[in-house]
Amino acid sequence: GWLLSPPGRPYLESLLHRNRRRVFGLLERPALPPPLAVPTLPYKLFVAGRSGVGKTALVAALAGTPRTPATPAHHETLGIEATTVFWPAKPRGSARPVIFQLHFWD
């Protein structure tokens, strides 16, 4: 609920472009005004499992790029796909929010 509240709204808006989650490049990050600057905590998450169980679909949904009718229902991931997702959060008991930088390796 914090992300949709008035204090959390600027953090959410820094991640959106035309009301969709913005895809950031390898060296990009969300731009926040100096008074709202918060620490970024990077994590690398390796997604592994059997073929065809939905690993790529899960990462796409978390990145805000879910499957559309124009994309195929299933495609084989060749090698490793790296996707970066920024996720703002306010930990309980903390007065200051943080932004998680999640590097998904699929």
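Residue positions are given per chain, counted from 1 along the sequence in the order it is written. Side-chain atom pairs in this predicted model are given and counted only at pLDDT of 80 or more, local residue features only at pLDDT of at least 70, and totals for whole chains, interfaces and linings cover all residues. Values shown for side chains rest on all heavy atoms present in the structure; no hydrogens or waters enter the calculation.

*Asks:* How would you explain the overall build of the protein chain if you had to name every residue and give the values?
*Replies:* Labels follow the DSSP assignment, with helices taken as runs of H or I lasting at least four residues and strands as runs of E lasting at least two, numbered in each case from the N terminus. Of the regular secondary structure elements, the protein chain holds two helices and five strands. Reading the helices (α) and strands (β) of the protein chain from amino to carboxyl end gives α-β-β-β-α-β-β. By principal-axis analysis of the C-alpha atoms, the protein chain measures approximately 45 × 25 × 25 Å. Exposure categories follow from relative accessible area, calculated using a 1.4 Å probe and restricted to protein chains: below 20% of the type maximum is buried, above 50% is exposed, and the middle band is partly exposed. Taking all 106 residues of the protein chain together, the buried fraction comes to 25%. In the protein chain, the share of contacts with a sequence separation of at least 24, taken over all contacts with a separation of at least 6, comes to 55%. Surface accessibility in these figures is a Shrake-Rupley result with a 1.4 Å probe; residues are shielded only by whichever protein chains are displayed. Accessible surface, the protein chain: about 7600 Å² in total, of which carbon and sulfur atoms supply 61%. Every residue pair with non-hydrogen atoms within 4.5 Å of one another is taken to be in contact.

*Asks:* Could you give an account of the pairing of strand β5 (residues 98-105), with specific residues and numbers?
*Replies:* On a regular strand, each side chain points to the face opposite its neighbour's, so the side chains alternate between the two faces of the sheet. DSSP calls a pair of strands paired once it identifies at least 2 bridges connecting them. Alignment of strand β3 (residues 40-46) against β5, held across seven bridges, turns out to be parallel. Paired with F46 across the strands is W105, a residue of β5. Across eight bridges, the pairing between strand β4 (residues 82-89) and β5 is antiparallel. By the bridge assignment for β5, T84 is matched with H103.

*Asks:* How would you sum up the packing of aromatic side chains? Please name residues and give values.
*Replies:* Ring pairs are drawn from Phe, Tyr and Trp, using the six-membered ring of Trp, whenever the two centres fall within 6.5 Å, and their geometry is named by plane angle: stacked under 30 degrees, edge-to-face over 60, tilted for the rest. Overall, the coordinates contain three aromatic pairs when judged by the stated rule. An angle of 35° between the planes, with centres 5.6 Å apart, marks the rings of W2 and Y11 as tilted. The exposure classification of W2 matches that of Y11, with both residues buried.

*Asks:* If you had to explain the pattern of salt bridges to someone new, which residues and values would you point to?
*Replies:* Salt bridge, as used here: a side-chain nitrogen of Lys or Arg that lies within 4 Å of a carboxyl oxygen of Asp or Glu. Within this structure, the stated rule accounts for two salt bridges. Across the pair E13 and R9 runs a salt bridge whose closest N-O atoms are separated by 3.5 Å. Residue E13 and its partner R9 are both found in helix α1 (residues 9-13); the two are separated by four residues, about one turn of the helix.

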